[in-house]
Amino acid sequence: MKGDKSKPVDGVFTYMDDLINAIKKVKDKSLDYRVYSPVPNHELEDVVYPQKSPVRFVTATGAVLGLCAGFALAILTSMDWPLRTSAKAINSIPAFVVVGYEWTILWGGLATLGALFFFCKIPSMFSAIGYDPRFSHDKFGLVVGCSGDTTTEVKELMISSGADEVEVRDGL
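No experiment lies behind these values; they were computed from the predicted model shown.

1. Observations concerning a negative patch on the surface
Argument step 1. Side chains of Asp17, Glu43, Glu45 and Asp46 sit close together on the surface and give a patch of like negative charge.
Argument step 2. Per element, the largest residue contribution to the negative patch is 3 residues, and it comes from helix α2 (residues 42–48).
Argument step 3. Looking at where Glu45 falls in the secondary structure, it is placed in helix α2.
Argument step 4. Here Glu45 falls in the partly exposed class, since its relative accessible area comes to 41%.

2. Focus: the packing of helix α1 (residues 16–28) against helix α5 (residues 151–161)
Two quantities define a packed helix pair, namely the angle between the axes and the distance from one axis to the other.
Argument step 1. The N-to-C vectors of α1 and α5 enclose an angle of 150°; their axes lie 9 Å apart at closest approach. Regarding the angle of α1 to α5, the classification is roughly antiparallel. The interaxial crossing formed by α1 with α5 has right-handed handedness. Here Asp18, Asn21, Ala22, Lys25 and Val26 of α1 lie close against α5, whose contacting residues are Leu157, Ser160 and Ser161.
Argument step 2. The residue makeup of the contact of α1 with α5, split by class, is 3 nonpolar, 3 polar and 2 charged.

3. Quick notes on the pairing of strand β3 (residues 140–146)
Argument step 1. Along β3, 7 of the 7 residues are buried, which leaves the element largely enclosed by surrounding structure.
Argument step 2. As paired elements, strand β1 (residues 7–13) and β3 share 7 bridges and run antiparallel to each other. Bridging across to β3, Gly11 finds its partner in Leu142.
Argument step 3. Bridging between strand β2 (residues 32–36) and β3 involves 5 bridges; their strand directions are antiparallel.

4. Considering the sheet that holds β2
Picture the strands of a sheet paired through backbone hydrogen bonds; they go either parallel or antiparallel.
Argument step 1. Ordered by their spatial adjacency, 4 strands build an open sheet running β2-β3-β1-β4, and the pairing between neighbours is antiparallel. Each end of this open sheet is capped by a strand with a single partner; those strands are β2 and β4 (165–168). Ignoring strand direction, the axes of neighbouring strands in this sheet form an average angle of 15°.
Argument step 2. Sheet strands touched by α1: β1, β2 and β3. Its angle to β3, the strand with the most contacts, is close to 15°.

Cut-offs applied
Residues numbered from 1 in each chain as written. Predicted model: local features only at pLDDT ≥ 70, side-chain atom pairs only at ≥ 80, totals over all residues. Heavy atoms only, no water. Patch = residues over 30% accessible without salt bridge, like charges linked within 9 Å, V, L, I, M, F, W, Y side chains within 5 Å. Areas by Shrake-Rupley, 256 points an atom, 1.4 Å probe, with all protein chains shown as cover. Salt bridge = Lys/Arg side-chain N within 4 Å of Asp/Glu carboxyl O. Lys, Arg positive; Asp, Glu negative; His and termini not counted. Charge placed at Lys NZ, Arg CZ, Asp CG, Glu CD. Helix = DSSP H or I, 4+ residues; strand = E, 2+ residues; numbered from the N terminus. Buried < 20%, exposed > 50% of the residue type's maximum accessible area, 1.4 Å probe, protein only. Axes fitted to C-alpha atoms, helices over the stretch in contact; angles between N-to-C directions. Parallel < 35°, antiparallel > 145°, perpendicular 65-115°, else oblique. Left-handed = near helix turned anticlockwise from the far one by under 90°. Contact = heavy atoms within 4.5 Å. Nonpolar A, V, L, I, M, F, W, Y, C, P; charged D, E, K, R; others polar. Pairing = 2+ DSSP bridges.

Take a look at the structure:
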């Protein structure tokens, strides 16, 4: 939530359907918001973040780099310590497939882990704005950052959407 003189409006919801309706209304007004949920839910994900995750590109890049690094390691190692066996070539690609495959899996997995940490902003060094411990137990939360003139409008929007509680905080 960015901007000067922004006031966060916190809404506490019992039902996810009410939260989804409130999110759609807030998105129509192009306001900055943050959602808290005690459980993962695909309906909520589709409303909040409809585009596909960029993690898949990071995973593919890590896997390709791992494949190249695995083959490079095996080939360079065999060139550094050549062991001739019955007049076979030193660099035999089929012999290096296992190493390339294992490094593909390793680097793809590590790239995925790093991308998840990066895109999910883990670890969060600071306490989240508007977070309430009930959001980890049994309630849903919606925090909307708005300026002074839209604060009452957002508060009424959340109440009309079915919020159990709405609180306007001092500022960010």
